[in-house]
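Working through the structure, step by step
Here is how the chains run, residue by residue.
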Amino acid sequence: MEKLAIDGGIPVRNKKISYGKQWIDEEDIEAVREVLQGDFITCGPKVAELERALASLTKARYAISMSSGTAALHCACIAAGIGPGDEVITTPLTFAASANCVLYCGARPVFADVDPETYHIDPESIRAHITERTKAVIAVDFTGQAVKVREIREICDRYHLLFIEDAAHSIGTNYAGEPVGSLADMTCFSFHPVKTVTSGEGGAVTTNREDLYRKLVLAHTHGITHEEAEMEERPEGPWYYEETALGYNYRMTDFQAALLLSQLKKLERFKARRQEITARYQEAFGKMPELFLQKEMPESDTCRHLYILRLRLDSLNITRRQFFDAMSAENVQCQVHYIPVYWFPYYRKLGYKRGLCPCAEKIYQEILSIPLYPRMSDGDVEDVIRAVTKILENTRKGTR
């Protein structure tokens with residue numbers, strides 16, 4: 001018996017479609033198999049090969065692979081010298097790791113509000129939150145679109161702050177013709193399966209500064225060096241190494257690196273397909289007065305990770321939860337990105353209160369992410385559009 005949609009009719013599709021999904025092919029599998037059957041599955045040559053590839057892709061001088069995007073953010077904060085008594089300005093409309101990495105270092109996240117049209121951290125709000133304790137800005141390329149890099153760079157230079165770009169969403173995005181990864185003091189990537197390219201779990205940091213690079217390397221390998229020039233004592237033999245700083249085991253394995261190297265070969269194809277789907281969504285949803293669409297920044301050639309619909313709830317006889325459930329009943333699984341970080345109980349215990357960033361809070365209450373990933377067929381895309389259209393037609397004010 002067919003499942004009934006929320007209006008009692010037949011859903012627009014029979015098979016559930018999720019909001020995001022990896023695309024692994026035989027080439028990827030073979031790349032991992034070769035490493036698993038070789039001599040090194042970790043601390044081997046594939047990691048170094050990957051780091052060279054990431055540096056070339058992003059036009060950065062250095063790239064350091066990490067075990068996750070969270071590890072990348074943590075190491076960036078360590079390399080920035082962030083510690084107790086410091087403040088770091090970031091956005092609340094992000095995954096918790098963008099702020100948690102500051103807490104890991106004993107410092108305090110300060111939340112700036114977001115632009116109501118782009119949903120990115122607002123440069124004017126950054127300025128308003130700078131104090132003598134501010135050490136850095138962590139700006140998030142929300143949905144894959146680059147932040148206002150030029151304005152944030154100017155603020156950081158003026159106030160002698162480090163600019164850390166959280167590019168977990170934006171591998172493959174360019175800003176003013178230059179790739180994300182070469183624009184900030186440090187740029188942090190994530191390669192989780194729902195991202196554009198994946199290594200399973202994994203991340204990376206890119207930088208153009210040698211001093212930050214050396215600190216990042218130490219931070220992700222237990223603070224241990226094998227470089228004689230960095231040692232305090234003369235080596236006793238080839239086995240000798242020194243721990244010169246407190247670090248962590250945030251290394252990526254060689255089989256993860258092999259998977260990501262294979263995925264990077266398909267990045268431009270994945271980006272092109274994401275852009276095709278985004279263009280079709282823009283065409284369809286831009287005509288619907290009940291929806292507000294994220295503003296496209298002309299400076300950003302975006303490889304979009306998320307596509308977000310914002311509901312004009314005052315024009316609908318439906319709540320966001322009801323819309324979410326109705327989409328699920330149509331076999332289109334959505335998600336919400338993101339709950340404002342300081343709303344979480346842990347942050348409340350640290351003294352953060354609701355109302356800090358009114359624009360971010362309002363946006364959160366009105367948004368949901370719809371399916372977007374390269375392996376979606378044209379039929380999948382049209383099913384998503386049909387589901388949204390059907391629900392809006394059934395819930396316009398005055399129709400019930």
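See the structure above.
What you are looking at is a predicted structure, and each value in this text was computed from that prediction instead of being measured.

Attention now moves to the overall build of the chain. Of the regular secondary structure elements, the chain holds 13 helices and 15 strands. Against the compact-globule benchmark of 21 Å for 400 residues, the chain has a radius of gyration of 22 Å, which places it among compact chains. Considering only C-alpha atoms, the chain reaches an extent of 80 × 55 × 40 Å along its principal axes. Across the 400 residues of the chain, 57% fall into the buried class.

So, on to the sheet that holds strand β6 (residues 174–175). Read across the open sheet, the three strands follow the order β7-β6-β13; overall the sheet is antiparallel. On the outer flanks of this sheet lie β7 (178–179) and β13 (300–301), each paired with one strand and no other. Pairing of β6 with β7, which is carried by two bridges, proceeds in the antiparallel orientation. Bridge pairing in β7 links Y175 to E178.

Taking strand neighbours across the sheet as the criterion, the seven strands line up as β1-β9-β8-β5-β4-β2-β3 in an open arrangement whose pairing is mixed. Every other strand in the sheet has two partners, leaving β1 (62–66) and β3 (108–111) as the edge strands with one partner each. The mean inter-strand angle of the sheet, taken between neighbouring strand axes irrespective of direction, is 20°. Where strand β2 (residues 87–90) meets strand β4 (residues 134–140), four bridges bridge the pair, whose relative direction is parallel. Directly across from E87, in β4, lies its bridge partner T134. Strand contacts of helix α3 (residues 69–79): β1, β4, β5 (162–166), β8 (186–190) and β9 (203–207), with the helix running at about 165° to β8, the strand carrying the most contacts.

Once that is clear, we can look at the environment of I64. Inspection of the secondary structure assignment puts I64 in strand β1. With a relative accessible area of 1%, I64 lands in the buried category. Taking the C-alpha atoms as reference points, I64 and H220, 156 residues apart in sequence, are found 8.7 Å from one another. Discounting residues that sit within four places of it in the chain, I64 has contacts with E51, G203, A204, V205, Y213, L216, V217 and H220.

Our focus in this paragraph is helix α9 (residues 267–285). Here α9 is 19 residues long and its end C-alpha atoms lie 26 Å apart, about the 27 Å a rise of 1.5 Å per residue gives. Listed in full, the buried residues belonging to α9 are L267, F270, K271, R273, R274, I277, T278, Y281, A284 and F285. Down the axis of α9, the buried side of the element spans an arc of 165°, and every buried residue falls inside it.

Let us now look at unusual backbone geometry. Looking along the chain, the bond that leaves H337 and enters Y338 is cis, with omega of 5°. Positionally, Y338 belongs in the loop between α10 (320–329) and α11 (345–349). Residues other than glycine seldom take positive phi values, yet Y119 does so here, at roughly 70°. Structurally, Y119 can be placed in the loop between β3 and α5 (123–128). A positive phi angle, near 70°, is found at N331, a position not held by glycine. Mapped onto the secondary structure, N331 falls in the loop between α10 and α11.

For the rest of this paragraph, the subject is the pattern of salt bridges. Tallied over the entire structure, the rule returns 29 salt bridges. Two residues, R153 and D185, come together in a salt bridge whose shortest N-O distance is 3.0 Å. On the criterion of sequence distance, the pair formed by R153 in helix α6 (residues 149–159) and D185 in the loop between β7 and β8 is long-range, its members being 32 residues apart. An identical accessibility class is assigned to R153 and D185; each is buried. Where E210 meets R214, a salt bridge forms, and the shortest distance between an N and an O atom there is 3.0 Å. Placement of both E210 and R214 in helix α7 (residues 210–219) is noted, with a separation of four residues, approximately one turn of the helix. One network of salt bridges, with partners in common, ties together R13, D380, D383 and R386.

Reading the values: rules and limits
- Residues numbered from 1 in each chain as written.
- Predicted model: local features only at pLDDT ≥ 70, side-chain atom pairs only at ≥ 80, totals over all residues.
- Heavy atoms only, no water.
- Helix = DSSP H or I, 4+ residues; strand = E, 2+ residues; numbered from the N terminus.
- Rg over C-alpha atoms; globule rule 2.2 N^0.38 Å.
- Buried < 20%, exposed > 50% of the residue type's maximum accessible area, 1.4 Å probe, protein only.
- Pairing = 2+ DSSP bridges.
- Axes fitted to C-alpha atoms, helices over the stretch in contact; angles between N-to-C directions.
- Contact = heavy atoms within 4.5 Å.
- Expected span 1.5 Å × (residues − 1).
- Arc of directions from axis to C-beta.
- Salt bridge = Lys/Arg side-chain N within 4 Å of Asp/Glu carboxyl O.

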